[in-house]
Amino acid sequence: RHVAIVMDGNGRWATARGLPRTDGHRRGVEALVDVVHGALEIGLEHLTLYAFSTENWKRPADELQTLMYEIPQVVHRLVTEKVDVRVRWAGTPSRLPADVVERLLDAERETRDHTGLTLTMCVNYGGRAEITAAAAKLAQEAVAGRVDPGSLSEHAFARCLHVPELPDVDLLVRTGGDQRTSNFLPWQATYAELLFLDTPWPAVDRRTLWDAMEQYARRTRRYGSVARIPAQASPLSGRGAPTT
Ligand code: IPE
Ligand code: IPE
Ligand code: MG
């Protein structure tokens, strides 16, 4: 149902080719569009993409400029392509240029009746910031007497996250060779299957998504329970037991 991707490795892909890192981001946009089409083709319900983290403000100015141009641009492109994609934005407006915020909100508005793929773009997103903001909102509600802190459920907490209806992540993929989650969806991905790929993001296309989903299909999710084993004679059965 829900694949989330840390689109990493743009800079290293470019550097390895003697190109500026910003070229990696531009090529990454093409990968993004192809993966979105692949998700539509395979009938995925939710695709969540990490495009810009709250930590990424530490990048050099030219890189920030490219990202703040390319991210709203690709969102706009998906909206104008008239594909059945509902765009959502997870992140905070603080520090984002006003036109970027506008583009993201416009895309949410313009695609809100689409029922195919839900594409959640994580832009200026930080997982801890998301959880902290939810806690602050609930604390205010409690002070106002609208929420009873003694009976707060996980479900009620999740309603205060950036995109409340985002389901749990089934498969979390990170491209680019690093094996960490970098503050991505800590609430939603607690039980996600993790898949780390060496492929840098600009070299990814829809087949990478399909391969990843195939690998996911071969995994066994236990959620703290025990694996269901195929029906077979137990090695204990019959030992000393009367046969009837
Ligand atoms: C991911 O690629 C894109 C963003 C973080 C915005 P990077 O730019 O992090 O590429 P590497 O990891 O340096 O290769
Ligand atoms: C994670 O990649 C953020 C995005 C892909 C948007 P980074 O490249 O910023 O992650 P770290 O800093 O290497 O962990
Ligand atoms: Mg990186």
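Calculation rules
- Residues numbered from 1 in each chain as written.
- Chains lettered and ligands numbered in written order.
- Predicted model: local features only at pLDDT ≥ 70, side-chain atom pairs only at ≥ 80, totals over all residues.
- Heavy atoms only, no water.
- Near = heavy atom within 4 Å.
- Polar contact = N/O pair within 3.5 Å; in protein donor to acceptor, adjacent residues only side chain to side chain.
- 1 Å grid on protein atoms, 1.4 Å probe; cavity = no way out; pocket = protein on both sides within 12 Å on 5 of 7 lines; lining within 4 Å.
- Sits in = over half its atoms within 2 Å of the grid points.
- Helix = DSSP H or I, 4+ residues; strand = E, 2+ residues; numbered from the N terminus.
- Areas by Shrake-Rupley, 256 points an atom, 1.4 Å probe, with all protein chains shown as cover.
- Nonpolar A, V, L, I, M, F, W, Y, C, P; charged D, E, K, R; others polar.
- Pairing = 2+ DSSP bridges.
- Axes fitted to C-alpha atoms, helices over the stretch in contact; angles between N-to-C directions.
- Points joined across faces, edges and corners; volume = space filled by probe spheres on them.
- Disulfide = S-S within 2.5 Å.
- Buried < 20%, exposed > 50% of the residue type's maximum accessible area, 1.4 Å probe, protein only.
- Salt bridge = Lys/Arg side-chain N within 4 Å of Asp/Glu carboxyl O.
- pLDDT = per-residue confidence, 0-100.
- Contact = heavy atoms within 4.5 Å.
- Parallel < 35°, antiparallel > 145°, perpendicular 65-115°, else oblique.
- Left-handed = near helix turned anticlockwise from the far one by under 90°.

Participant: Would you mind going over the site of ligand 1 with me for this structure?
Facilitator: Contacts to ligand 1 come from 13 residues, most closely from Asp-8, Gly-11, Arg-12, Arg-21 and Arg-59. Contact distances for ligand 1 include 2.9 Å between an oxygen atom and a side-chain N or O atom of Arg-21. Measuring from an oxygen atom of ligand 1, one finds a side-chain N or O atom of Arg-59 at 2.8 Å. In a pocket analysis with a 2 Å cut-off to the grid points, ligand 1 is assigned to the largest pocket. Of all the secondary-structure elements, those providing two or more residues to the shell around ligand 1 are α1 (10-16), α2 (21-42) and α3 (61-80).

Participant: What is the right way to read the site of ligand 2 from this model?
Facilitator: Lining the immediate surroundings of ligand 2 are Val-6, Met-7, Asp-8, Tyr-50, Ala-51, Phe-52, Asn-56, Arg-59, Arg-174, Arg-180 and Ser-182. Arg-174 places a side-chain nitrogen or oxygen 3.3 Å from an oxygen atom of ligand 2. Burial of ligand 2 by the protein chains amounts to 78% of its free accessible area of 390 Å². Cavity membership is defined here by more than half of the atoms lying within 2 Å of grid points; on that basis ligand 2 lies in the largest pocket. In terms of residues, the shell around ligand 2 owes the most to one element, strand β2 (residues 46-53), which gives three residues. Among the residues making up the shell around ligand 2, the classes are represented as five nonpolar, two polar and four charged.

Participant: Would you explain the sheet that holds strand β4 (residues 117-125) in this entry?
Facilitator: Note on sheets: strands pair through backbone hydrogen bonds, and any given pair is parallel or antiparallel. Strands sit in the order β3-β4-β2-β1-β5-β6 across an open sheet of six strands; the sheet is parallel. The two strands at the open ends of the sheet, each matched to only one other strand, are β3 (85-90) and β6 (193-196). This sheet shows a mean twist of 20° between the axes of neighbouring strands, independent of strand direction. Here strand β5 (residues 171-174) pairs with β6 via four bridges, running parallel. Across the sheet, residue Arg-174 finds its bridge partner in β6, namely Phe-196.

Participant: Is there a simple way to explain the layout of surface pockets in this structure?
Facilitator: Gaps left between atoms are located by rolling a probe of water-molecule size over the structure's atoms. Here the largest pocket defines a volume of roughly 540 Å³. In terms of lining residues, the largest pocket is bounded by 28 residues, among which Met-7, Tyr-50, Ala-51, Asn-56 and Arg-59 are the most central. Counting residues per element, the ones that place at least two in the lining of the largest pocket are α1, α2, β2 and α3. When residues in the lining of the largest pocket are grouped by element, the largest group, five residues, is from α2.

Participant: When you look at the state of the cysteines in this model, what are you seeing that I'm missing?
Facilitator: Two cysteines, two sulfur atoms, one covalent bond between them: this is a disulfide. Taken as a whole and assessed by the stated rule, the structure comprises zero disulfides. The thiol of Cys-160 is not disulfide-bonded; the next cysteine sulfur, from Cys-122, is found 18 Å away. Look at Cys-160 and you get buried, because its relative accessible area is 15%.

Participant: Got a minute to help me understand empty space enclosed by the protein in this structure?
Facilitator: Applying the stated criterion across every chain, the model contains one cavity of 30 Å³ or more. Lining the largest cavity we find Ile-5, Val-35, Val-173, Thr-175, Leu-197, Trp-201, Val-204, Thr-208, Leu-209 and Ala-212.

Participant: Please clarify how the pattern of salt bridges should be interpreted in this entry.
Facilitator: Side chains that carry opposite charge are capable of pairing whenever their charged atoms lie near each other. Evaluation of the coordinates by the stated rule reveals 18 salt bridges. With its nearest N and O atoms 2.2 Å apart, the salt bridge here joins Arg-206 to Glu-41. Of the two residues, Arg-206 is situated in helix α7 (residues 206-217) and Glu-41 in helix α2; the sequence distance between them amounts to 165 residues. In this structure, Arg-146 and Glu-141 form a salt bridge, with 3.2 Å as the shortest nitrogen-oxygen distance. Given a relative accessible area of 59%, Arg-146 falls into the exposed group.

Participant: How should I be thinking about the confidence of the model for the protein chain in this particular structure?
Facilitator: Reading predicted coordinates in detail is not appropriate for stretches of low pLDDT. The share of residues in the protein chain with pLDDT of 70 or more is 93%, and the mean pLDDT across the chain is 94. Ranking the helices and strands of the protein chain by mean pLDDT puts strand β1 (residues 2-6) first, with 99, and helix α6 (residues 154-158) last, with 96. Scored below 50 in pLDDT, residues 240-244 makes zero contacts in the model with residues more than four places away or belonging to other chains.

Participant: It is not clear to me how the packing of α2 against α7 should be interpreted in this structure. Could you clarify?
Facilitator: How two helices pack is summed up by the angle between their axes together with the distance between the axes. At a minimum axis separation of 7 Å, α2 and α7 run at an interaxial angle of 50°. By the angle between their directions, the pair α2 and α7 is classed as oblique. Crossing angle aside, the handedness with which α2 passes α7 is right-handed. Mapping the contact onto sequence places Asp-34, Val-35, His-37, Gly-38, Ala-39, Glu-41 and Ile-42 in α2 and Arg-206, Leu-209, Trp-210 and Met-213 in α7. Split by residue class, the contact of α2 with α7 holds six nonpolar, two polar and three charged.

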